[in-house]
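Below are the chains, spelled out letter by letter.
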Amino acid sequence: MYINNKSNSIEDIINKAKLDLYDLITILSAESDEDLELLRLKAYNTMLDYIGNKVYMRGLIEFSNICTLDCYYCGIRKSNNKNERYILSKEEIIETAKWIASKNYASLVLQSGERQDEQFISFLVDVINTIKEETKTDKLPDGLGITLSVGEQTLENYHRLYNAGAHRYLLRIESSNSKLFAKLHPENQSYISRIEALKNIKKSGMQLGTGVMIGFPGQTVEDLANDIIFFKEIDADMIGMGPYIVHNDTPMNIYLEQNKKDMLKIYNLALKMIAATRIFLKDVNIASTTALQAINYFGREEGLRFGANIIMPQTTPIEYRKEYQLYEGKPCLDDIAEECAICVQNRIQSIGRPIGYNEWGDSRHFLKR
Ligand code: SAM
């Protein structure tokens, strides 16, 4: 039950030694420009104190939109037959990985729809092994850092992926409220199995990344505050969250008008989530995600100003990008990778943050453990 904490000012709350659920709810409910700026400053200073001001790059390769699942919100869900399905060849992925290394980004993210078949896992293992071998340089003696985002897998397969050389894994809980999780997914996708997968990622030795969508129908600020507490309880090393944006060819398109109407509110909520997560979790890596930029041209810079420290420049070969539209208005569809590299560098430098070129920039939270 939400107990309003209005008697305490945002300033009092953010300076408390330990925040509770009600403090987080009050933070996420802040609306005045003054309160948002106080929150932003606290998050920014927490970031400076615990992890410094560098921004680390992860070149994003959306290597396949083939998906066996039917998440109600997602543009690449299996039942959306308007997508042309693709999987990049090993050569295309390796070429892109080498380009990422040549830009001194030091890390990449391999993301795709979810498949659990052996052909897919062994393909990935082979790709990871080759990336590690072929991206070793004087500046990067261990090759590119590799983050995976390929959904729920068995513990055995998480081990195989880790042993091949992937050392970080992103799997969003989407919502830590099991009832909301059930509303976002068909019955064959259970909340319990998502939790099990998150625990197995951890057991495998990989750094654990999770996160939620922000602003989907039925979600309250109390749910979001509980999400932040969930991140702590699962002991996440990395957080990737972003606004929920309707995709027209999904069952959730009935919310299109409402979603459009709420967009500014959802955007502000996403920035407050980044700040509150930074203040609450302190030393984790937090991504400023592309979906922020879909709403505001300067959204990713704003995410960094609210305490995020990771950017994932789009590096998927351009001819595949329009088939990997998770939501309407996904940005950077037509920019060649070289343009994206310059654009992202300018964006980060415009807010006075240094870029951690040739550094993996692993989660301090993980390294301390
Ligand atoms: N299949 C993997 C998985 O589900 O973890 C990785 C790919 S999945 C497309 C990556 C993320 O996209 C999901 O975790 C989800 O939060 C996000 N996403 C999908 N549809 C979205 C939408 N309409 N708005 C915002 N984010 C969305």
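A brief structural summary.

On to helix 9 (residues 221-233), then. Between its first and last C-alpha atoms helix 9 spans 18 Å; for 13 residues at 1.5 Å apiece the expected length is 18 Å, and the two agree. Three or more residues of helix 9 are buried, namely Glu222, Asp223, Leu224, Ala225, Asp227, Ile228, Ile229, Phe230 and Phe231. In the segment just after helix 9, aspartate 235 is the residue with positive phi, at about 60°.

So, on to the site of the ligand. Looking at the ligand, there are 18 residues lining it, with Tyr73, Ser112, Arg172, Glu174 and Ile245 nearest. Note that a nitrogen atom of the ligand is positioned 3.0 Å from one of the backbone N or O atoms of serine 112. A distance of 2.6 Å separates an oxygen atom of the ligand from a polar side-chain atom of glutamate 174. When isolated, the ligand has an accessible area of 570 Å², and the protein chains bury 93% of it. In terms of residue class, the shell around the ligand is built from 10 nonpolar, 5 polar and 3 charged.

Here we take up unusual backbone geometry. Here the phi dihedral of asparagine 104 falls at roughly 65°; this positive angle occurs in a residue that is not glycine. Residue placement: asparagine 104 occurs in the loop between helix 4 (90-102) and strand 3 (107-112). A relative accessible area of 23% places asparagine 104 in the partly exposed class. The phi dihedral of aspartate 235 is positive, around 60°, even though this residue is not glycine. Secondary-structure assignment places aspartate 235 in the loop between helix 9 and strand 8 (238-243). For aspartate 235, a relative accessible area of 26% puts it in the partly exposed group.

Attention now goes to the pairing of strand 9 (residues 285-288). Here is the key point about a regular strand: its side chains alternate between the two faces of the sheet. Burial along strand 9 is two-sided: Asn285 and Ala287 facing one way and Ile286 and Ser288 facing the other are all buried. Here strand 8 pairs with strand 9 via 4 bridges, running parallel. Each residue of the ladder has a partner; that of isoleucine 239, found in strand 9, is isoleucine 286.

Taken across its 5 residues, strand 4 (residues 145-149) has 5 buried, putting it largely inside the fold. Burial along strand 4 is two-sided: the residues Gly145, Thr147 and Ser149 and Ile146 and Leu148 are all buried. Note that strand 3 and strand 4 share 5 bridges and pair parallel. By the bridge assignment, glutamine 111 is partnered in strand 4 with serine 149.

Core analysis: the largest hydrophobic core is formed by 101 residues, its most contacted members being Phe63, Leu108, Leu110, Ile131, Leu148 and Tyr169. It is helix 11 (residues 263-281) that contributes the most residues to this core, 11 residues altogether. For isoleucine 131, the residues in contact, after removing those within four places along its chain, are Ile93, Ile94, Ala97, Leu108, Leu110, Leu144 and Ile146. In this structure, Tyr56, Leu60, Val109 and Ile310 belong to the second largest nonpolar core, which totals 6 residues.

Attention shifts here to the pattern of salt bridges. Taken as a whole and judged by the stated rule, the model has 22 salt bridges. Residue lysine 260 pairs with glutamate 257 through a salt bridge whose shortest N-O separation is 4.0 Å. Remark: glutamate 257 and lysine 260 occur in helix 10 (residues 256-261); sequence separation between them is 3 residues, near one turn of the helix. Put simply, arginine 305 and glutamate 302 hold a salt bridge, and the shortest N to O gap is 2.7 Å. Of this pair, arginine 305 and glutamate 302 are both found in helix 13 (residues 299-305), 3 residues apart, which corresponds to roughly one turn of the helix.

Each value, and the rule that gives it
- Residues numbered from 1 in each chain as written.
- Predicted model: local features only at pLDDT ≥ 70, side-chain atom pairs only at ≥ 80, totals over all residues.
- Heavy atoms only, no water.
- Helix = DSSP H or I, 4+ residues; strand = E, 2+ residues; numbered from the N terminus.
- Expected span 1.5 Å × (residues − 1).
- Buried < 20%, exposed > 50% of the residue type's maximum accessible area, 1.4 Å probe, protein only.
- Near = heavy atom within 4 Å.
- Polar contact = N/O pair within 3.5 Å; in protein donor to acceptor, adjacent residues only side chain to side chain.
- Areas by Shrake-Rupley, 256 points an atom, 1.4 Å probe, with all protein chains shown as cover.
- Nonpolar A, V, L, I, M, F, W, Y, C, P; charged D, E, K, R; others polar.
- Pairing = 2+ DSSP bridges.
- Core = buried A, V, L, I, M, F, W, Y, C linked by side-chain atoms within 4.5 Å.
- Contact = heavy atoms within 4.5 Å.
- Salt bridge = Lys/Arg side-chain N within 4 Å of Asp/Glu carboxyl O.

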